[in-house]
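# Close look at the chain arrangement
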Amino acid sequence: MAIKVLKPGLATTVQDLGRPGYYHIGIPLSGGMDRHALTAANLLVGNEEGAAVLEAVFMGPELEFTDDALVAITGAELPPKLDGEPRETWTSFKVKRGQKLSFDFLKQGARGYIAIAGGIDVPLVLGSRSTYALGALGGFKGRKLEAGDELPIGRAGAAVKDGRTVAKDLRGLPAAMPTELRVMPGLYWHRISETAGVGFFGDTWKVAPEADRIGYRFRGGKPLEFVPREPPFGAGSDPSNITDACYPYGSIQVPGGTEPIVLHRDAVSGGGYFMVGTVIAADMDLIGQLQPNTSVKFVKVGMDEALAARKSRAELLGKLRSALA
Amino acid sequence: MQTRFSYGGDEHIFAEVAESMSLQAFFKGLFVTNAVRDARIKGVTEICPANASYQVKFDPDQIKPDDLLAELKQLDSASETSAPVIKTRIIEIPVLYNDPWTHETLMRFRERHQDPNGTDLEYAARINGLNGVDAFIKAHSSAPWFVSMVGFVAGLPFLYQMVERQRQIQAPKYLRPRTDTPKLTVGHGGCFSCIYSVRGAGGYQMFGITPMPIYDPNQKISYLRDFMCLFKPGDIVKWKPIDRPAYDAAVADVDAGRFSPIIRDVSFSLTEFNNDIDAYNRKLEGVLHGN
């Protein structure tokens, strides 16, 4: 069984839960930007939680099925249509051989996940089917989908019923706007002045158009003022430079002190810009659903709050699993 | 050297061995990260050595952040007493300096450069007090370089030259990063050279290009069959300047699957190196050429 890509959408890639273990040589985790939505899509169609799905950004693809299938769309509100007939998101539905799946305009969020019973059966590369496009690695031929591609689909496991749905409170999407992203200050926080630190958390930032799987850039806050120093050997002369180091996932680098960039699943693994802190793991899924121009406040938290948020995120996943068991 | 530790959110511990780059700081980071790997600490998922720092990623559901931090601090202090000796490899990398492809690219992005009227090589030669491009190429290629970090993108090595600080080449990055860099460009920013493993954005000065692939996600290239990335931190690189016919011949060899790079096992002692840098580098080059 296979799926024919009639139209690829804007940037549709094959993703699973990622490829840990190779960050030390510059190969990032990759995988779904919104892992909760990806997991939900898989559970809805009876797949393993980490089966490979399609991640579509802003605009859905158009797909033709060569066989009957069970499908679910989660994440962004990217309304699916089957041969032009509307279908629900967060709800599994049957597709018959020869039918075409397309999508209406994006209503909310940024990334939709398309799971098909059996999963996208591209080869495992370093233990994962995720696409890392910058390294031309994994996924479908190491790149985003193009018209004419034929995606192999694996054999579906035990049949599950269609029409299963995920309740709104289990979808893990933000409850209110402006969105808050919780940040643990640290890394090179000491490089900026106290006033700049207050401003960073006080200002309202907006998601810039440069927002992709590598990182999300933000604009609109005050430029950061640096503590004066002699540049250390190897760091470069700009006050925002450091001796090239590793970048944590979620870390916020601020080149030139002007526009913060939060690194995401396809993060560059290191470089020469200082970082003010790190978005906590519990809020990373949320970033992947932010559209350009969304207002965001960075909220200062400590380790205890980060771990509590992590726990509540895990509980949400637990409830999702029980609901779809 | 007192390592500065910081949490990178709830899943990373970031350790800055020193603010400035030095072989001593790099070696300490390499030793600690090796010790962390050997300790097989439960919950540790990634161990990333960098130039003068390192990072450990962990799962806080498996190990308490404070417990891991305490363990890292202990391994970090214990590493002070280790002898700075490593078993590693020396690899010869052919380079066509002043090549047409990086030249075309640097001309395309000239308005983003410090010296819009010259080339990256001419600029780097001048600001390093070297008398012209040829003298610069000699300084760049006559002493070996350490792979002090692998990253940014897949398999990209950061290289630190094995000479006294006053002889080290320094160059700023482009005023604004380029959106394009040819694959296998030899670049330089700050005190680090690099080889761009893939085509893409970049901010380093561009000096030349190597015909020798260093990353192959399809693992078709003979010496990348075992693993898709050539470099590991601690590898030693010696550039070999080549001319255009030699470059073309090497590219043809790569395409035909008969290119075989010169890679030799070698042990490196930081103490012996520091005692007489030039003599030690000559010895390393001897190993490279089978002497």
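One structure accompanies this document, and this report is about it. Keep in mind that what you see is a predicted model, and the values were worked out from it rather than measured. (Residues numbered from 1 in each chain as written. Chains lettered and ligands numbered in written order. Predicted model: local features only at pLDDT ≥ 70, side-chain atom pairs only at ≥ 80, totals over all residues. Heavy atoms only, no water.)

### Observations concerning the overall build of chain B
A count of helical and extended segments in chain B gives eight helices and 12 strands. For 291 residues, the compact-globule estimate of 2.2 N^0.38 gives 19 Å, and chain B sits close to it at 20 Å. Viewed in the frame of its principal axes, chain B has a C-alpha envelope of about 55 × 45 × 40 Å. Contacts in chain B between residues at least 24 apart in sequence constitute 65% of all its contacts with a sequence separation of at least 6. Carbon and sulfur atoms make up 49% of the accessible area of chain B, which amounts to about 12000 Å² in all. Looking at charge distribution, chain B has the averaged site of its 32 positive side-chain charges lying 2 Å from that of its 35 negative ones. (Helix = DSSP H or I, 4+ residues; strand = E, 2+ residues; numbered from the N terminus. Rg over C-alpha atoms; globule rule 2.2 N^0.38 Å. Contact = heavy atoms within 4.5 Å. Areas by Shrake-Rupley, 256 points an atom, 1.4 Å probe, with all protein chains shown as cover. Lys, Arg positive; Asp, Glu negative; His and termini not counted. Charge placed at Lys NZ, Arg CZ, Asp CG, Glu CD.)

### So, the overall build of chain A
What chain A contains, in helices and strands, is four helices and 20 strands. The C-alpha atoms of chain A give a radius of gyration of 20 Å, which matches the 20 Å a tight globule of 325 residues would have. Dimensions of chain A, computed from the C-alpha atoms along their principal axes, are close to 65 × 35 × 30 Å. The buried share of chain A, taken over its 325 residues, is 57%. Considering only contacts within chain A whose residues lie at least 6 apart along the sequence, 74% involve residues at least 24 apart. Accessible surface for chain A amounts to roughly 12500 Å². Of this, 52% is attributable to carbon and sulfur atoms. In chain A, the 37 positive side-chain charges and the 36 negative ones have mean positions that sit 3 Å from each other. (Buried < 20%, exposed > 50% of the residue type's maximum accessible area, 1.4 Å probe, protein only.)

### Examining empty space enclosed by the protein
Counting across every chain of the model gives three cavities of 30 Å³ or more. One number sums up the size of the largest cavity: a volume of about 70 Å³. Lining the largest cavity are 13 residues, with A:Tyr188, A:Ile242, A:Thr243, B:Glu16 and B:Glu19 sitting closest to its centre. Broken down by element, the residue count for the lining of the largest cavity peaks at four residues, all from strand 15 (residues 241-246) of chain A. When grouped by side-chain class, the residues that make up the lining of the largest cavity number six nonpolar, three polar and four charged. Quantified by volume, the second largest cavity comes out at close to 50 Å³. The wall of the second largest cavity is formed by B:Asn98, B:Asp99, B:Thr102, B:His103, B:Leu106, B:Thr119, B:Asp120, B:Leu121, B:Met206 and B:Phe207. Elements that contribute at least two residues to the lining of the second largest cavity include exactly helix 3 (100-108), helix 4 (120-127) and strand 10 (205-209) of chain B. (1 Å grid on protein atoms, 1.4 Å probe; cavity = no way out; pocket = protein on both sides within 12 Å on 5 of 7 lines; lining within 4 Å. Points joined across faces, edges and corners; volume = space filled by probe spheres on them. Nonpolar A, V, L, I, M, F, W, Y, C, P; charged D, E, K, R; others polar.)

### Structural notes on the layout of surface pockets
As a volume, the second largest pocket reaches approximately 880 Å³. Around the second largest pocket, the lining comprises 33 residues; the ones closest to its centre are A:Arg35, A:Arg265, A:Ala281, A:Arg310 and B:Glu11. For the lining of the second largest pocket, the elements supplying multiple residues, two or more each, are helix 1 (35-44), strand 19 (275-279), helix 3 (284-287) and helix 4 (303-323) of chain A together with strand 3 (44-49) and strand 4 (53-58) of chain B. Top contributing element to the lining of the second largest pocket by residue count: helix 4 of chain A, with five residues. Its residues assigned to classes, the lining of the second largest pocket shows 12 nonpolar, eight polar and 13 charged.

### A closer look at the interface of chain A and chain B
Contacts between the two partners involve 43 residues from chain A and, on the opposite side, 51 residues from chain B. Counting each side, the surface lost to burial between chain A and chain B is near 3900 Å², with a carbon and sulfur contribution of 62%. Together, A:Phe233, A:Asp244 and A:Arg310 form the three largest contributors to the area buried by chain A at its contact with chain B, with a combined 19%. Inspection of the region where chain A meets chain B yields four salt bridges. (Buried area = accessible area lost by both parts, 1.4 Å probe. Salt bridge = Lys/Arg side-chain N within 4 Å of Asp/Glu carboxyl O.)

### Examining the side chain of B:Glu16
Mapping B:Glu16 onto the fold places it in strand 2 (residues 12-16). Polar side-chain contacts of B:Glu16 include one of 3.2 Å to the side chain of A:Tyr188. Setting aside its immediate chain neighbours within four residues, B:Glu16 contacts A:Tyr188, B:Gln2, B:Thr3, B:Arg4, B:Ala52 and B:Ser53. (Polar contact = N/O pair within 3.5 Å; in protein donor to acceptor, adjacent residues only side chain to side chain.)

### With respect to the sheet that holds strand 16 (residues 251-253) of chain A
Sheet strands associate in pairs through backbone hydrogen bonding, adopting either a parallel or an antiparallel arrangement. Residues and elements named next belong to chain A. The strand order around the closed barrel built from seven strands is 12-19-16-17-14-13-20, with neighbouring strands paired in mixed fashion. Here the strands of the sheet are splayed against their neighbours by 40° on average, with no regard to which way each runs. In this sheet, strand 19 lies alongside strand 12 (residues 179-185) in antiparallel orientation, the contact comprising three bridges. Along strand 19, the bridge assignment pairs Met-184 with Thr-278. This element, helix 2 (residues 194-202), spans strand 12, strand 13 (205-211), strand 16, strand 19 and strand 20 (295-300) of the sheet and lies at about 130° to strand 20. (Pairing = 2+ DSSP bridges. Axes fitted to C-alpha atoms, helices over the stretch in contact; angles between N-to-C directions.)

### Description of the packing of helix 1 (residues 23-39) of chain B against helix 2 (residues 65-78) of chain B
Residues and elements named next belong to chain B. The N-to-C vectors of helix 1 and helix 2 enclose an angle of 130°; their axes lie 9 Å apart at closest approach. In this view, helix 1 runs oblique relative to helix 2, as classed from their interaxial angle. Regarding helix 1 and helix 2, the two cross each other, and that crossing is right-handed. Note on element contacts: helix 2 touches helix 1 through Leu-72, Leu-75 and Asp-76, opposite Lys-28, Val-32, Ala-35, Val-36 and Ala-39. Here the residues of the contact of helix 1 with helix 2 are counted per class, giving six nonpolar, no polar and two charged. (Parallel < 35°, antiparallel > 145°, perpendicular 65-115°, else oblique. Left-handed = near helix turned anticlockwise from the far one by under 90°.)

### As for helix 2 of chain A
Along helix 2 of chain A, the residues classified as buried are A:Ala196, A:Gly197, A:Gly199, A:Phe200 and A:Phe201. Tucked inside the fold, the buried residues of helix 2 of chain A contact strand 12, strand 13, strand 16, strand 19 and strand 20 of chain A.

### Let's talk about the environment of B:Val85
Residue and element names in this part refer to chain B. Residue placement: Val-85 occurs in strand 5 (residues 85-97). For Val-85, a relative accessible area of 43% corresponds to the partly exposed category. Sequence-wise, Val-85 and Thr-185 are 100 residues apart; in three dimensions their C-alpha atoms are separated by 31 Å. Setting aside chain neighbours within four positions, we find Val-85 in contact with Phe-31, Phe-268 and Ser-269.

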